[in-house]
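Observations on the three-dimensional arrangement
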Amino acid sequence: LPIGNWVIEKALTTCKNMQQYIPGFKVSINISYVQVLKIDIVKEFLSVMKELDLSPTNVIVELTESGYLESNYRHLQTWQRLKEAGISLALDDFGTGYANFHYLDELKPNIIKIDRSFVNRAMDNDFEYALLKNLSKLSKELDLNLCIEGIETKEECSKILQLKPTYCQGYYFGKPYPYDVFKQLYLGDLCMIK
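Residues numbered from 1 in each chain as written. Predicted model: local features only at pLDDT ≥ 70, side-chain atom pairs only at ≥ 80, totals over all residues. Heavy atoms only, no water.

**What to know about the pairing of strand β3 (residues 88-94)**
The buried fraction of β3 amounts to six of the seven residues, a majority that puts the element mostly inside the structure. In this sheet, β3 lies alongside strand β2 (residues 59-64) in parallel orientation, the contact comprising five bridges. Its bridge partner lying in β3, Thr64 is registered against Asp92. Alignment of β3 against strand β4 (residues 111-114), held across three bridges, turns out to be parallel. Bridge pairing in β4 places Phe94 opposite Ile114. (Buried < 20%, exposed > 50% of the residue type's maximum accessible area, 1.4 Å probe, protein only. Helix = DSSP H or I, 4+ residues; strand = E, 2+ residues; numbered from the N terminus. Pairing = 2+ DSSP bridges.)

This is how it looks when you write it as structure tokens:
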């Protein structure tokens with residue numbers, strides 16, 4: 001739990017720092033099932049955002065679908081409080097074998113993130129690709145943002161872009177880096193100006 005709190009504070013601080021270079025910069029933060037059970041995660045987010053003067057519209061909280069399986073009132077209440085605070089919510093790892101469309105109705109996330117394992121299968125299997133294509137259509141009909149994860153090659157990117165997802169994510173676009181390396185790689189001289 002202390003590490004989880006540290007991650008929240010560090011991610012939100014980094015988001016605020018990046019906004020001096022990229023106004024409107026957003027950050028996604030994965031929270032664990034245990035964090036929701038053990039602490040008032042909403043209070044933690046709101047406290048740090050207030051301290052930093054960071055708008056909730058710049059924060060996306062991701063909850064892994066598999067961790068939500070044993071849903072209870074506390075999780076639903078936490079999810080609702082985050083939404084009421086203006087924080088966007090993402091249901092991560094959708095389609096990993098635990099997929100339950102009931103979550104889309106119960107949680108009403110802003111974003112669903114399609115797991116890399118699903119994407120992998122869809123690259124080589126017409127049936128799986130058709131499922132992904134229909135999930136993309138369904139997300140539009142339900143006014144959900146769709147993020148397809150795990151794109152690693154130009155060919156995968158080209159095939160996935162035909163589905164017109166809201167977001168794409170994966171090593172094809174970049175790998176995780178320490179903050180200073182990220183700034184240098186993606187902002188270059190821009191961070192020297194400010």
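**As for the sheet that holds strand β6 (residues 167-168)**
Pairing within the open sheet is parallel, and its six strands lie in the order β1-β2-β3-β4-β5-β6. Both outer strands of the open sheet, β1 (27-31) and β6, are each paired with one neighbouring strand and no more. Pairing analysis gives five bridges linking β1 to β2, with the strands arranged parallel. Pairing of Ser28 across the sheet is with Ile60, part of β2. Where helix α1 (residues 2-18) meets the sheet, it contacts β1 and β2, and its direction lies at approximately 175° from that of β1. In the packing of helix α4 (residues 73-84) onto the sheet, contacts are made with β2 and β3, and the angle to β3 comes to roughly 135°. (Contact = heavy atoms within 4.5 Å. Axes fitted to C-alpha atoms, helices over the stretch in contact; angles between N-to-C directions.)

**Considering the packing of aromatic side chains**
Applying the stated criterion across every chain yields a total of three aromatic pairs. Taken together, a centroid distance of 5.3 Å and an interplanar angle of 75° make the contact between Tyr172 and Phe173 edge-to-face. Judged by relative accessible area, Tyr172 falls into the partly exposed class, the value being 36%. The class of Phe173 is partly exposed, set by a relative accessible area of 39%. Judged by centre distance (4.9 Å) and plane angle (35°), the ring pair of Phe182 and Tyr186 falls under tilted. Taken as a pair, Phe182 and Tyr186 lie in helix α9 (residues 179-187) at a separation of four residues, close to a single helical turn. Using a relative accessible area of 28% as the deciding quantity, one classes Phe182 as partly exposed. Since its relative accessible area comes to 41%, Tyr186 is described here as partly exposed. Each residue in the set Tyr177, Phe182 and Tyr186 is aromatic and connected to the rest through ring pairs, giving one cluster. The ring of Phe118 carries the charged tip of Arg121 above its face, separated from the ring centre by 5.5 Å. Cation over ring: Lys175 sits above Tyr171, and NZ or CZ is 5.4 Å from the ring centre. (Phe/Tyr/Trp six-rings, centres within 6.5 Å; stacked < 30°, edge-to-face > 60°. Lys NZ or Arg CZ within 6 Å of the ring centre and 35° of its normal.)

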